[in-house]
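Here are the chains, one letter per residue:
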Amino acid sequence: MLMALLGSWRVPELRKRILFTAGIIAIYRAGSYLPTPGVQTDALKNFFGSGNNTILSVLNLFSGGALANLSLFALGIMPYITASIILQLMTIAVPALEQLQKEGEAGYKKITQYTRYLTVVLAALQAAGYVFLFHNGSALGASDLLPNLTVGRFLLIVATLTAGTAMLMWLGELVTQRGIGNGMSLLIFASIMTSAGTAVNAWLNGGTLERLSLRSSRSASSSRWSS
């Protein structure tokens with residue numbers, strides 16, 4: 001496998017594609033730390049660091065930790081994946097979309113365009129939902145995670161997160177066209193791998209603590225029997 005990678009690096013076209021893909025992933029990771037205007041991230045980081053909400057922790061995993069900062073790419077690429085699934089299901093129920101699917105390349109381009117529009121709508125709705133959820137901290141068993149929220153700040157956060165998802169969608173398509181592999185899948189993989197080290201470390205530490213606890217229990221039991 002190593003020889004195959006070295007061989008591909010010697011091919012100029014493949015080398016350009018590899019470097020282009022790496023550059024897009026680097027941009028994606030940088031945007032995951034770029035804060036959204038009007039958001040104080042300290043309260044969000046403390047909330048996610050406590051591990052109180054499993055569902056939000058999973059969503060944070062798929063965003064590469066960007067949700068914990070409510071950064072530019074906090075929504076990740078999931079709105080696009082959801083839009084793609086919805087459009088695929090609708091091609092079965094809607095005759096017009098089914099006809100487009102049978103038209104070949106031209107129909108595929110139209111369905112892709114509809115997927116982009118639906119992605120923007122879903123991203124805006126999801127961003128608004130996150131803002132309301134974090135602002136109403138009682139629903140999460142926490143305090144207000146977005147204090148001093150005004151209408152203007154609400155619109156700014158929603159617009160920023162929606163624009164971030166649209167930019168991710170564009171970056172993913174660029175990777176598909178000019179990089180290596182499927183761009184959307186690579187972005188999701190990059191997000192998961194970002195948190196893989198932390199997850200493995202937590203699992204190992206959790207296993208160690210569990211073994212220590214089990215040993216302590218056995219020692220205590222042995223002491224009681226001896227006495």
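What counts, and at which threshold
Residues numbered from 1 in each chain as written. Predicted model: local features only at pLDDT ≥ 70, side-chain atom pairs only at ≥ 80, totals over all residues. Heavy atoms only, no water. Helix = DSSP H or I, 4+ residues; strand = E, 2+ residues; numbered from the N terminus. Buried < 20%, exposed > 50% of the residue type's maximum accessible area, 1.4 Å probe, protein only. Contact = heavy atoms within 4.5 Å. Areas by Shrake-Rupley, 256 points an atom, 1.4 Å probe, with all protein chains shown as cover. Core = buried A, V, L, I, M, F, W, Y, C linked by side-chain atoms within 4.5 Å. Axes fitted to C-alpha atoms, helices over the stretch in contact; angles between N-to-C directions. Parallel < 35°, antiparallel > 145°, perpendicular 65-115°, else oblique. Nonpolar A, V, L, I, M, F, W, Y, C, P; charged D, E, K, R; others polar. Patch = residues over 30% accessible without salt bridge, like charges linked within 9 Å, V, L, I, M, F, W, Y side chains within 5 Å. Salt bridge = Lys/Arg side-chain N within 4 Å of Asp/Glu carboxyl O. Phe/Tyr/Trp six-rings, centres within 6.5 Å; stacked < 30°, edge-to-face > 60°. Lys NZ or Arg CZ within 6 Å of the ring centre and 35° of its normal. Expected span 1.5 Å × (residues − 1). pLDDT = per-residue confidence, 0-100.

1. Quick notes on the overall build of the chain
Then step 1. Each helix and strand counted, the chain has 10 helices and zero strands in total.
Then step 2. In sequence order, the chain lays out its α and β elements as α-α-α-α-α-α-α-α-α-α.
Then step 3. Taken over 227 residues, the chain has a buried fraction of 35%.
Then step 4. Of the contacts formed within the chain by residues at least 6 apart in sequence, a portion of 69% connects residues at least 24 apart.
Then step 5. Here the chain has roughly 13500 Å² of accessible surface; of this, 66% comes from carbon and sulfur atoms.

2. Re the nonpolar core
Generally speaking, nonpolar side chains in soluble globular proteins are found buried as a group.
Then step 1. Membership of the largest hydrophobic core comes to 22 residues, with the highest contact counts inside it found for Leu 44, Phe 48, Leu 67, Leu 70 and Phe 134.
Then step 2. Elements with a minimum of two residues in this core: α3 (41-50), α5 (66-69), α8 (105-135) and α9 (151-178).
Then step 3. Here the element with the most residues in this core is α8; it accounts for six residues.
Then step 4. Leave out the neighbours within four places in its chain, and Leu 67 touches Phe 48, Leu 56, Leu 59, Asn 60, Ala 74, Tyr 130 and Phe 134.
Then step 5. Grouped together as the second largest cluster of nonpolar side chains are 16 residues, Met 169, Met 184, Leu 187 and Ile 188 included.

3. Comments concerning the packing of helix α6 (residues 78-93) against helix α7 (residues 95-102)
Then step 1. As a packed pair, α6 and α7 sit with axes 6 Å apart at the nearest point and diverge in direction by 105 degrees. One finds that α6 runs roughly perpendicular with respect to α7. Contacts between α6 and α7 involve Leu 87, Met 90, Thr 91, Ile 92 and Ala 93 from the former and Pro 95, Leu 97, Glu 98 and Gln 101 from the latter.
Then step 2. For the contact of α6 with α7, a count of residues per class yields six nonpolar, two polar and one charged.

4. What about a nonpolar patch on the surface?
Then step 1. A cluster of nonpolar residues, Ile 27, Met 167 and Trp 170, forms a patch on the protein surface that exposes about 290 Å² of accessible area.
Then step 2. Along the chain, Trp 170 turns up in helix α9.

5. Some remarks on the packing of aromatic side chains
Then step 1. Tallying each qualifying case throughout the model produces three aromatic pairs.
Then step 2. Between Tyr 28 and Phe 73, the aromatic rings sit 5.8 Å apart at their centres with planes inclined by 35 degrees, giving tilted as the arrangement. Remark: Phe 73 occurs in the loop between α5 and α6 and Tyr 28 occurs in helix α2 (residues 12-31); sequence separation between them is 45 residues. The residues Tyr 28 and Phe 73 share a single accessibility class, namely buried.
Then step 3. Geometrically, the ring pair formed by Phe 132 and Phe 154 is tilted, given 5.1 Å between the ring centres and 40 degrees between the ring planes. Of the two residues, Phe 132 is situated in helix α8 and Phe 154 in helix α9; the sequence distance between them amounts to 22 residues.
Then step 4. Classification of Phe 154 as buried rests on a relative accessible area of 17%.
Then step 5. Over the ring of Tyr 28 we find Arg 29; its NZ or CZ atom is 5.8 Å from the centre of that ring.

6. Remarks on unusual backbone geometry
Then step 1. The backbone of Leu 70 shows a phi angle near 45 degrees, a positive value even though the residue is not glycine.
Then step 2. With respect to the secondary-structure elements, Leu 70 resides in the loop between α5 and α6.

7. As for α8
Then step 1. With 31 residues, α8 ought to run about 45 Å at 1.5 Å a step, and its terminal C-alpha atoms sit 45 Å apart, in line with that.
Then step 2. Turning to α8, its buried residues number three or more, namely Gly 107, Ile 111, Thr 112, Thr 115, Thr 119, Leu 122, Ala 123, Ala 127, Ala 128, Tyr 130, Val 131 and Phe 134.

8. Remarks on the packing of α2 against α9
Then step 1. Interhelical geometry of α2 versus α9 gives an angle of 170 degrees and a closest axis separation of 9 Å. It follows that α2 is roughly antiparallel to α9 by the angle criterion. Packed against α2, whose contacting residues are Arg 17, Phe 20, Thr 21, Ile 24, Ile 27 and Tyr 28, the element α9 presents Met 167, Leu 168, Leu 171, Leu 174, Val 175, Gln 177 and Arg 178 at the interface.

9. Comments concerning the confidence of the model for the chain
Then step 1. On average, residues of the chain score 79 in pLDDT, and 77% of them reach the 70 mark or higher.
Then step 2. By mean pLDDT, the top-scoring element of the chain is α9 (92), and the lowest-scoring one is helix α10 (residues 183-226) (59).
Then step 3. Every residue in residues 207-214 scores below 50 in pLDDT, and together they form zero contacts with partners more than four places removed in sequence or on other chains.
Then step 4. Within the model, pLDDT remains below 50 along residues 216-227, and this stretch shows zero contacts once partners closer than five positions in the same chain are excluded.

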